[in-house]
Amino acid sequence: MAGTISNCIGKSPLWLAGLLSLALLAGCGSGSGEATTSNVKPDNGDEVDRPGVAYDGPAPLTEDVQNFKLYLWDNLAFAERCGSCHVVGGNSPMFVRTDDINQAYQAAVPLVDLHTPQLSTMVSKVAGGHNCWLDSDTACADIITGYITEWASAAGSISNEVVLTAPEIKEVGGSKNFPADSGDYASTVYPLVSQFCSGCHAEGAPLMQQPYIGSADVQVSYEAARSRMRLDDPARSRLVERLAAESHNCWSNSCASDASAMADAIAAFADLVPVTEIDPALVTSKALQLGDGTVASANGRADNYIIARYEFKTGSGAIAYDTSGVNPAVDLTLYGDVDWMSSWGLRFNNGKAQASTQTSRKLFDQITSTGEYSIEAWVIPSNVSQEDARIVSYSGSTQVRNLALDQNLYNYTHYLRSSSTDGNGMPALATLDAEERAQASLQHVVVTFDPVNGRRIYVDGELTGGTDPVAAGNLNEWDSSFALVVGNEVSSDRVWNGAVRFLAVHNRALSAEAIASNFDAGVGETYYLLFSISDLINVTDAYVVFQVQQFDDYSYLFSEPFFTRLSDDPIPTVPLEGIRIGVNGREAIVGQVFAALETDINAAEYANGMQPLSRQGAVVALEQGSELDTFFITFDQLGEHSFARVEAEPPVPQPPADIADQPTLGLKSFASINASLAAMTGISHTNAAVQTTYAKVEQQLPTTSGLDTFVAAQQMGITQLAVAYCNALVNDTNERAAFFPGFNFGAAPAVAFNATGRSQVISPLLNALVAGDTGGALNTQANPATLRAELNGLIDTMGACGGSCSADRTATTVKATCAAALGSAVMLVH
Amino acid sequence: MSLCSPSNLRLSVIALGLSLLAATAAAGPREQALTIHSRIAGVPPSTAVLTQMSELISSGDTAQAVRIAMDNDGFYRATLKTWVTPWTNRDMTAFAPLNDYTATVMGLVRDEADFRELLTADVLYTGADDLGLPTYSSNDNTHYQALQDSDAELGSSLVRRTQSQLTGVPAEATAGVMTSRAAAKAFFVAGTNRAMLRFTLLNHLCRDLEQVHDVTRTPDRIRQDVSRSPGGDSRVFLNNCVGCHAGMDPLAQAFAYYDYEYNAESDPDAERGAIHYNAEGETDPASGDRTEAKYHINASTFAPGYITPNDNWLNYWREGPNAILAWDPTLAGSGSGAKSLGRELANSGAFASCQVEKVFTQVCLRKPGNAADRALLSNATSAFAASGYNLKQVFIDTADYCKGE
């Protein structure tokens, strides 16, 4: 159904609890539930560089008019904001007229939505490019949203209800998707951007201006340009609009001509991209884009004490705006390798975002006046291997600071200069090693200080276990000349790699409840996408609704689906199985969390305007960008409609490649060597001397059979073990008599090692090795004659002591012969 | 310098080695008997055994010859001990003491039991009572260390016991070696219990997670502790992480009630810990149900992730590329607890072929490297199944194949 239907389904507390965890914080936006005073100060003209507007007209007739003046009028009435036009004698609406605040209020009321401030006409007008006083329309819009929010909070009218609006019905059509290969791009669009944009937008350009659409590498250029081209409507591509509407560095005398050339090039590229047609057999919902969704209110955050806020929505340029509305704005200037994230944020690769010392003084003034603060950030550390890496610092160098939030491996660290610490904020408070709080994923990190509780660190809404090593102290030692810096130290030598998606400075220590609320509120914009299923279940205005947000630069998060219908039609009981998310005409291949869903839509579970289907979330790849991607959902079964999904048979694996020239022999393992020596000598492995040696050499012995892994150290170990066994054998008169029958150990070498004696020693050893002649020599074993010759040679060498042989030389020679034989490769290789 | 010094001996040893390596010749029954005995038992045979085996080979009864080699205690103390020990620890080192996992594998082989009991049965092997060893304790490895250090023949001194009576884990929660003390100490300690699945796949289906990687499975069971955007880049999750976790997490859910508990302060190496199981009626204080707290750690990493409520496991890998693991079509592909998961794994074709492949590498001292080797694996796998999963049959078939010609 076309048109707009409003159905306020958010009035029930149960609905609020079920749908929006943030909704518990009604009205004032404070998480603590206590009465609060706003920080948004009306500009009273004290600021040197921004004189306020004096009002001397009639007094406000009501308290709401007074709030309007305090929170909105005082902040917008400057000539450089709205005061040069929207005043008497200027353009309507005259909401900043200076002659009568009550008439200004009447003019302003139609422009603001005190239930959902971000939906105010005044906000959307400025966001759409209407005379923003900054370079970023979104920054102005956010600042005005902040003013209206504060007004609404003071009036107690702010709403956390979500009013779902029926979207325009769009069929799921075929669409074009960017090909992975950049070949067609290279022949159409790339010649233009490489010629005319490479002077700035390239890695090698002096300015190194992102995005690198002019890169010498066509693939890099393509990746950067993809989100800036519209295959469905080339003329509305960002690359074209930048030239046509913003006259951004046109290369000829005519921006219109350049824009036309760019549009033609993109059109030529788009013509080469085939349309992805939707499978007609699929059971699909209607289609939606992110912008068709209902914005989920982010109210419920405890923002009353914010003195600086960065939401990083600008998306380009060299300034990250402080949109707190508290003057002066502590805008951050980007230096070095810092990228904007399309999901709102800054990614620090090796750069920083730093404010001037002049504007940073606001932090000094506001924080020392309360003696408390909180630094709140949504961060994504790139890794957990970086040390002493500054995420946020308010400092003068690596040696002097007022405060800092650091990452140190798995820990977050909180530095604060106070009466209890030194000028560098040491000793610091760190999260506990064992807790490993810092992870390389999106985390909500808050550090707080107040004179009672001292420093604290909260991660993902939880107070961490670190104990402050010093007493709380006070902030009397703070220095007003420092600068706020993000992603590094002011001296640029404490690099932090990661992304910051939100940063706020509060001049109060937020309560644990407030921090938990801010964590629950999340980061980024969330939309309710209402996928129409009316024609599938024959219910007017029936939808499966997902909460959808851009999760990071590469994906969307689809979460907490529920069924709702905006009409009064009765709800039938129909089976619902297997929801899959489709993007641009095809189901996403990866990430289909709801594919296994198996439930019914039914009236019994429908309460407070909805039937929850799952509490889970699915991460689905972003394709063309959040402004271009079109979504739909499919069902394996919905009511009478079903899709028979057939899993393809897996391909039969190919046999692995042959391995040529593998040896057919190998080494024995350490345990087999030990067991072999025990078996051959008859000496138990439990023999004390043997055990001692084995314990010493065990890990020196071979563990794998590969002949090419054999090293000298292993032979040394084998030898030592063989000597231990042979020593035990020869030292035991019974054992040796049994092993070497007939051999005369008491005789001198010259006598003992006659031909008979030698045979009495060598033959048992060769038999033990299964390398003797008994039964005939084995073809695969060492040649017995060669072995005998080697061992006889050893005996000759050992016996060459003439008349000066020691009494034990014969036994020693047998031990040596034994060890040489049994510890040899004849034993080792099998 | 002593003449019996290592350097002198080394010269002799090298010379002897060269003389051996120069020898290449055809293998007759005696040569084959030596090879079989050395590869199976790890030690040289006595002359009498060599003769006995060669005669059996000559008569065509190679199987009996291999059985003789397997009767040598070296088969247990050297060959099986070295073969099995790496499966029982995360470092996959063979330099670890005998333990209940190793002993149980040895016992199942010796008793020619259905080797699928390895992952399913209420069984543990211990040393016999008459050996005078310290009694089995679920809190330490003293019993097995003493057995290893003793003179006892491992092959004859192992006794089959009822695991549940030794460890206190209920009979229905036993799953062969997966619930042994050694496996618990290695794979249930700390962490998230995914290690038990990973190492069981690695050791008994011969596949590490890279080999079962499949990003197309439904990722609804991936727990909250897995970041969907590591370092802020969800491509890493969508291209890599999900490929393992989508299949692994629903399988590892089978271990949701298990833990290895130890005193981290007095026993940092976890040497004196014991397996713990939340039996029916027991509640984990952190989760409020039987699920161990470790299944819910780091829940804020991705809050909309899966919250494990029980030990119901599900095998998504039955479909898609991992269907080639040849899952048993008579089983449901889902269940509750480790025992039924063990049945799912042990009845897969991959389990049987993995055992054969491991034995082949152990006995032939090389990887299967050509069509003939692969045919042997296929035939031996069939014979393994036909024998009622008697692993000795696999040793017989591979030893016969690699005995030389």
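Keep in mind that this is a model prediction, so the values were computed, not measured. (Residues numbered from 1 in each chain as written. Chains lettered and ligands numbered in written order. Predicted model: local features only at pLDDT ≥ 70, side-chain atom pairs only at ≥ 80, totals over all residues. Heavy atoms only, no water.)

## A look at the overall build of chain A
Moving on, step 1. Each helix and strand in chain A was counted, giving 23 helices and 31 strands.
Moving on, step 2. In terms of C-alpha radius of gyration, chain A reaches 40 Å, well past the compact-globule figure of 28 Å for 830 residues.
Moving on, step 3. Here the C-alpha coordinates of chain A stretch approximately 135 × 70 × 65 Å along the principal axes.
Moving on, step 4. Restricting the contact set of chain A to residue pairs at least 6 apart, pairs at least 24 apart contribute 69%.
Moving on, step 5. When the accessible area of chain A is evaluated, it comes to approximately 32,900 Å², of which 50% is carbon and sulfur surface. (Helix = DSSP H or I, 4+ residues; strand = E, 2+ residues; numbered from the N terminus. Rg over C-alpha atoms; globule rule 2.2 N^0.38 Å. Contact = heavy atoms within 4.5 Å. Areas by Shrake-Rupley, 256 points an atom, 1.4 Å probe, with all protein chains shown as cover.)

## Things to note about the overall build of chain B
Moving on, step 1. Counting its regular elements, chain B contains 16 helices and 6 strands.
Moving on, step 2. On C-alpha atoms alone, chain B measures out to a radius of gyration of 23 Å, which is about the 22 Å that the 2.2 N^0.38 rule sets for 405 residues.
Moving on, step 3. For the C-alpha atoms alone, the extent of chain B along its principal axes is close to 70 × 50 × 50 Å.
Moving on, step 4. Residues counted as buried form 61% of the 405 residues belonging to chain B.
Moving on, step 5. Long-range pairs, those at least 24 residues apart, make up 68% of the contacts in chain B with a sequence separation of at least 6. (Buried < 20%, exposed > 50% of the residue type's maximum accessible area, 1.4 Å probe, protein only.)

## Some details on the packing of aromatic side chains
Residue and element names in this part refer to chain A.
Moving on, step 1. In this structure the tally under the stated criterion is 45 aromatic pairs over all chains.
Moving on, step 2. Between Phe563 and Tyr606, the ring centres sit 5.8 Å apart and the planes meet at 65 degrees, which makes this aromatic pair edge-to-face. Here Phe563, found in strand E24 (residues 555–565), pairs with Tyr606, found in the loop between strand E27 (598–601) and strand E28 (611–612); they are 43 residues apart in sequence, far enough to count as distant. Assigned by exposure class, Phe563 and Tyr606 land together as buried. (Phe/Tyr/Trp six-rings, centres within 6.5 Å; stacked < 30°, edge-to-face > 60°.)

## Focus: the state of the cysteines
Residues and elements named next belong to chain A.
Moving on, step 1. The tally for this structure, following the rule as stated, stands at 6 disulfides over all chains.
Moving on, step 2. The disulfide partner of Cys250 is Cys255, and the gap between their sulfur atoms is 1.9 Å. Disulfide Cys250 to Cys255: torsion about the S-S bond roughly 110 degrees, handedness right-handed. We note that Cys250, like Cys255, is buried.
Moving on, step 3. Note on cysteine connectivity: Cys801 is disulfide-linked to Cys805, with sulfurs 1.6 Å apart. Negative torsions about the S-S bond denote left-handed disulfides, and the value of about 85 degrees found for Cys801 with Cys805 makes this one right-handed.
Moving on, step 4. Assigning the bonded cysteines of chain B consecutive numbers by sequence position, one obtains the connectivity 1-2, 3-4.
Moving on, step 5. Here chain A pairs its bonded cysteines, counted in sequence order, in the arrangement 1-2, 3-4, 5-8, 6-7.
Moving on, step 6. The closest cysteine sulfur to the non-disulfide-bonded Cys85 is located on Cys82, 8.5 Å from its own sulfur.
Moving on, step 7. For Cys85, a relative accessible area of 28% gives the class partly exposed.
Moving on, step 8. Left unpaired, Cys200 is separated from the closest cysteine sulfur, that of Cys197, by 8.7 Å. (Disulfide = S-S within 2.5 Å.)

## A word on the nonpolar core
Moving on, step 1. Counting residues in hydrophobic clusters, the biggest one holds 106 residues, and the most contacted among them are Ile40, Val105, Phe115, Phe255, Leu391 and Phe395 of chain B.
Moving on, step 2. The greatest single-element share of this core, amounting to 8 residues, is contributed by helix H14 (residues 349–364) of chain B.
Moving on, step 3. Contacts of Phe395 of chain B, omitting those with residues within four sequence positions, involve Ile40, Val66, Met70, Phe75, Leu80, Trp83, Val359 and Val363 of chain B.
Moving on, step 4. Counting 59 residues, the second largest nonpolar core, distinct from the first, contains Phe670, Ala722, Phe753 and Ala771 of chain A. (Core = buried A, V, L, I, M, F, W, Y, C linked by side-chain atoms within 4.5 Å.)

## Re the pattern of salt bridges
All names here are of chain A.
Moving on, step 1. On inspection of all chains with the given rule, the structure shows 50 salt bridges over all chains.
Moving on, step 2. Lys362 is paired through a salt bridge with Asp322; the nearest N and O atoms lie 2.7 Å apart. Within this pair, whereas Lys362 is found in helix H12 (residues 357–370), its partner Asp322 is found in the loop between strand E9 (319–320) and strand E10 (332–341), the two being separated by 40 residues in sequence.
Moving on, step 3. Residue classification places Asp322 among the buried residues on the basis of a relative accessible area of 2%.
Moving on, step 4. Residues joined in a network through salt bridges with shared partners are Asp388, Arg390, Arg401, Asp406, Glu489 and Arg494. (Salt bridge = Lys/Arg side-chain N within 4 Å of Asp/Glu carboxyl O.)

## Brief notes about helix H22 (residues 809–822) of chain A
Moving on, step 1. Over its 14 residues, H22 of chain A extends 20 Å from the first C-alpha to the last, a length consistent with the 20 Å expected when each residue adds 1.5 Å.
Moving on, step 2. For H22 of chain A, a buried count of 14 out of 14 residues is recorded, marking the element as mostly surrounded by other parts of the structure. (Expected span 1.5 Å × (residues − 1).)

## A word on the interface of chain B and chain A
Moving on, step 1. Contacts between chain B and chain A engage 77 residues on the former and 93 residues on the latter.
Moving on, step 2. The junction of chain B with chain A conceals about 6,900 Å² of combined surface from both sides, 64% of it contributed by carbon and sulfur atoms.
Moving on, step 3. Where chain B packs against chain A, one counts 2 salt bridges.
Moving on, step 4. A salt bridge links Glu647 of chain A to Arg217 of chain B; the nearest nitrogen and oxygen atoms lie 2.6 Å apart.
Moving on, step 5. Summed over the shared surface of chain B and chain A, the result is 30 residue pairs in polar contact (both at pLDDT 80 or more).
Moving on, step 6. Sorting elements by how many residues they give to the side of chain B that touches chain A places helix H1 (residues 6–21) of chain B first, with 11 residues. (Buried area = accessible area lost by both parts, 1.4 Å probe. Polar contact = N/O pair within 3.5 Å; in protein donor to acceptor, adjacent residues only side chain to side chain.)

## A word on the side chain of Gln289 of chain A
Residue and element names in this part refer to chain A.
Moving on, step 1. Tracing the backbone shows Gln289 in strand E6 (residues 288–289).
Moving on, step 2. For Gln289, a relative accessible area of 19% puts it in the buried group.
Moving on, step 3. In contact with Gln289, other than residues within four places in its own chain, are Lys170, Leu529, Glu627, Leu628, Asp629, Thr630 and Phe631.

## Some details on the packing of H14 of chain B against helix H16 (residues 391–401) of chain B
Residue and element names in this part refer to chain B.
Moving on, step 1. For the pair H14 and H16, the least separation of the axes is 9 Å and the interaxial angle reads 45 degrees. The pairing of H14 with H16 is recorded here as oblique in orientation. Regarding H14 and H16, the two cross each other, and that crossing is right-handed. Side by side, H14 and H16 meet where Gln355, Val356, Val359, Phe360, Val363 and Cys364 of the first sit next to Leu391, Val394, Phe395, Thr398, Ala399 and Tyr401 of the second.
Moving on, step 2. Of the residues belonging to the contact of H14 with H16, the class tally is 10 nonpolar, 2 polar and no charged. (Axes fitted to C-alpha atoms, helices over the stretch in contact; angles between N-to-C directions. Parallel < 35°, antiparallel > 145°, perpendicular 65-115°, else oblique. Left-handed = near helix turned anticlockwise from the far one by under 90°. Nonpolar A, V, L, I, M, F, W, Y, C, P; charged D, E, K, R; others polar.)

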